[in-house]
Amino acid sequence: MTEEKLKELLSSMTVEEKIGQLVQLTGDFFIDEGIATGPMEWLSINEDQVKCTGSILSTVGAKKLKDLQDRYMAINPHHIPLIFMADVINGYRTVFPIPLGQGCTFNPELVEEMASVAAKESARAGIHVTFSPMVDLVRDARWGRVMESTGEDVYLNARMSSAAVKGYQGSSIGDKDKISACIKHFAAYGAPVAGRDYNQVELSERTLKEEYLPAYKAGVDAGARMVMTSFNTLGKLPCTANEDLMKKTLREEWGFDGVLISDWAAIKELVFHSVAENDEEAAYLGIKAGVDIDMVTNVYINNLKKLIDEGRVPMQWLDDCAYRVLAYKNELGLFENPYKDADEDYDGKVDSEHMAFARKAAPESFVLLKNEGMLPIPTKATNDCGSVAFIGPYMNETNICGSWTIFNNNDDNITLEQALKERNPEISYVIEPGCKTLAAGQHFVGFQSKFDNPLTEAEQESMMEKAVKAASEADRVVMAIGEFNQMTGEGASRTEITIPEHQLELFRRVAMVNDNIIVVNFSGRPLDIREINKKAKAILQVWYPGTVAGYAVMDVLFGDAAPSGRLSMSFPYNVGQVPVYYSELHTGRYAEDPENRFTSKYMDAPNDPLFVFGYGLDYTDYEYSNLRISSNTISENSPIKVSVDVKNVGWRDGKEVVQLYIQDMVGSVARPLRQLKAFDKVDIKAGETKTIDFTITTDMLKFYDVNMNYVAEPGEFKVYVGRDSKASLCESFRL
Ligand code: NOJ
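Now for a description of the structure that goes with this document. Every value quoted in this text rests on a predicted model; they were computed, and no experiment measured them.

Quick notes on the rules
- Residues numbered from 1 in each chain as written.
- Predicted model: local features only at pLDDT ≥ 70, side-chain atom pairs only at ≥ 80, totals over all residues.
- Heavy atoms only, no water.
- Salt bridge = Lys/Arg side-chain N within 4 Å of Asp/Glu carboxyl O.
- Helix = DSSP H or I, 4+ residues; strand = E, 2+ residues; numbered from the N terminus.
- Buried < 20%, exposed > 50% of the residue type's maximum accessible area, 1.4 Å probe, protein only.
- Near = heavy atom within 4 Å.
- Polar contact = N/O pair within 3.5 Å; in protein donor to acceptor, adjacent residues only side chain to side chain.
- Phe/Tyr/Trp six-rings, centres within 6.5 Å; stacked < 30°, edge-to-face > 60°.
- Lys NZ or Arg CZ within 6 Å of the ring centre and 35° of its normal.

1. Some thoughts on the pattern of salt bridges
All told, the structure shown has 52 salt bridges when counted by the stated rule. Of the charged contacts in the structure, one is a salt bridge between Glu 344 and Lys 66, with a shortest N-O distance of 3.0 Å. Highlighted residues: Glu 344 in the loop between helix 15 (315-331) and helix 16 (352-361) and Lys 66 in helix 5 (residues 62-75), separated in sequence by 278 residues. A residue is classified by how much of its surface remains accessible, and Glu 344, at 38% relative accessible area, is partly exposed. Note that Lys 306 is salt-bridged to Glu 280, the shortest N-O span being 2.7 Å. Of this pair, Lys 306 sits in helix 14 (residues 299-309) while Glu 280 sits in helix 13 (residues 279-288), and the two are 26 residues apart along the sequence. Taken together, the shared-partner salt bridges connect Arg 359, Arg 423, Asp 555 and Asp 560 into one network.

As structure tokens, then:
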């Protein structure tokens with residue numbers, strides 16, 4: 001539709017119809033026989049209002065949505081199509097590793113491809129918009145939603161944000177098999193005080209701008225057509241009512257002209273935040289901040305008309321919001337084809353090519369934290385290591401996709417046990433889970449449903465005994481353990497970030513009878529794994545790998561694939577250190593001298609995390625040498641070239657993540673110890689040496705100075721290149 005026609009459409013709409021475009025409901029309102037009365041009563045809205053709804057969330061399925069669209073368009077006064085939105089977070093039917101794992105790939109092209117596959121599958125299921133990527137910077141592992149982010153680092157997050165947007169949207173959201181991305185949660189939702197979900201956020205303006213905002217901006221720069229506001233307050237003002245953030249930063253400074261949606265009921269929550277006296281006031285604050293769509297409440301629908309009639313809300317505000325939603329529909333091509341790519345023949349089927357891709361992709365998210373000659377497991381064909389006992393509840397757990405996968409089919413999920421049996425490796429092995437992911441009798445309130453483990457203590461004990469016996473008779477033990485998948489995600493904050501106690505007990509008992517333990521750890525956050533680290537000889541962190549988890553884990557355990565992930569978030573030594581991250585400030589008392597009480601340190605724990613950002617082993621090893629820079633001075637027009645030689649000194653080909661960090665030695669405000677500024681994931685063959693080049697520009701040295709100007713200040717800088725955030729090869733230069 002032309003812009004002119006779109007404007008004509010807007011001007012022919014009644015106020016109620018325009019308000020309707022700003023309302024998002026769930027599919028429950030539209031049942032086969034028409035409009036359902038139940039949800040209407042619950043929301044205190046009437047049938048005429050439902051007929052003007054602008055969009056629907058969380059309903060999927062090609063046939064269902066085509067049918068819904070037909071019925072809706074027949075009753076909508078101007079026959080305007082609905083937009084269908086859904087949370088496709090790490091895949092639709094083919095589920096990929098959780099976003100935190102995707103961050104560990106350090107492979108933006110791979111992340112783009114995963115998003116592109118997710119776009120195709122969801123587009124064919126009738127979805128037009130996904131509420132992804134979540135790009136909140138995360139540094140506190142107590143917060144359950146760290147699993148939805150790509151991690152603690154400013155630069156890595158920004159790269160991944162942009163990659164995901166490109167993958168979902170391609171060059172246009174109207175193209176076949178493309179959907180709109182939605183950057184969330186704007187802003188700083190990832191920094192709740194004490195890691196408690198929905199809690200307040202307190203950040204200095206400098207930290208917000210320098211560390212938290214770049215990933216949102218990168219998504220907007222990559223062309224994201226939707227942004228979602230966050231639940232939290234920022235400096236005591238709820239973001240959903242923060243005009244400065246929404247209008248000045250997002251729209252004026254960043255030029256975002258897409259649609260701004262509230263998070264679930266976030267406008268109504270302005271009342272609970274105590275900044276609005278009632279729903280009417282909340283509606284006023286929401287639209288004043290420029291929030292276009294109210295997600296699933298009646299706040300806009302029941303209050304905007306009155307506010308307009310009374311002249312408090314100018315008609316122009318409503319017109320602007322409604323026009324943006326209509327323009328969005330137009331960009332999606334819905335006026336010409338309201339079903340877009342919905343395809344009953346494709347939807348509902350497993351796409352074997354996508355599954356094969358997921359199997360190849362997942363090992364790139366696995367982080368090998370420790371390996372004392374245990375992995376890969378040799379078979380009889382190579383170097384028989386004797387018998388292996390496969391123990392732990394994740395051997396036959398089917399919840400292996402993370403808590404945000406609501407549309408996949410659990411029956412597609414390949415468990416470790418299934419993959420092991422299919423592989424039938426040339427070793428002698430037994431499988432004894434030993435317990436379930438939840439403890440005997442445990443009741444767990446999950447993300448979308450409740451879970452119970454019906455086992456009695458006695459039954460669990462008997463399972464454990466069998467597992468311990470199997471461990472005592474085996475030469476090696478693989479222990480697949482970890483957090484129950486619903487222990488992370490929304491509303492899943494924890495104060496103890498450990499493996500569940502009953503699983504730890506199993507681990508301890510196994511460790512008493514067998515020294516050769518390989519732990520395969522499933523979790524949605526970095527955990528305190530000190531005890532495991534002491535007793536296990538190998539630790540493979542696999543997060544939640546997705547639909548083909550079993551195949552991917554077995555591929556890595558038996559060496560068909562190597563783990564090439566590097567930590568996108570530090571693994572704390574213990575929860576007391578949290579938030580712990582590599583790019584901290586030096587402080588005035590940095591040295592960890594045990595003889596000097598008055599330094600910035602803990603009495604009972606080191607300052608360093610157990611495993612640092614960027615860390616991860618491979619099945620081969622690398623040597624770095626010959627770091628050189630093209631000049632010892634840099635200026636705006638003369639960037640510096642940095643080169644390093646990386647040799648694969650091991651016995652097999654590998655994928656190394658070469659990381660470049662910069663430290664600004666002196667600034668007008670305190671500068672971080674170092675910051676990731678570039679990385680390159682490269683294939684290096686056994687015995688091969690590759691020269692990796694990077695370019696440092698003055699843009700990479702910029703920060704908010706003492707006067708809040710974004711500048712690079714003259715002075716000395718150090719550049720470190722290496723395998724992780726402790727990289728020690730160093731050169732220096734001056735600006
Ligand atoms: C609430 C969550 O915070 C957000 O991430 C999600 O997209 C919406 N619900 C919609 O389900």
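2. Some points on the site of the ligand
Around the ligand, the structure places 13 residues, and the nearest of them are Asp 87, Arg 145, Lys 184, His 185 and Asp 263. Asp 263 places a side-chain nitrogen or oxygen 2.5 Å from an oxygen atom of the ligand.

3. What about the packing of aromatic side chains?
What the rule picks out here adds up to 26 aromatic pairs. For the pair Tyr 394 and Tyr 544, a centre-to-centre distance of 6.5 Å together with 50° between the ring planes defines the contact as tilted. Remark: Tyr 544 occurs in the loop between strand 20 (538-541) and helix 21 (549-557) and Tyr 394 occurs in the loop between strand 14 (388-391) and helix 17 (416-423); sequence separation between them is 150 residues. Each member of the pair, Tyr 394 together with Tyr 544, is buried. With a centroid separation of 5.5 Å and an interplanar angle of 85°, the aromatic rings of Phe 444 and Phe 484 are classed as edge-to-face. Here Phe 444 is found in strand 16 (residues 443-445), whereas its partner Phe 484 is found in the loop between strand 18 (476-482) and helix 19 (501-513), with 40 residues between them in sequence. Looking at Phe 484, the relative accessible area reads 3%, which means it is buried. Connected via pairs of aromatic rings, a cluster forms that spans Phe 106, Tyr 155, Tyr 582, Phe 613, Tyr 661 and Phe 679. The residue whose ring lies beneath Lys 66 is Tyr 339, and the NZ or CZ to ring-centre distance is 5.4 Å. Lys 247 extends its terminal NZ or CZ atom over the ring of Trp 317, reaching a point 5.3 Å from the ring centre.

Just geometry here; none of it tells us what the structure is for.
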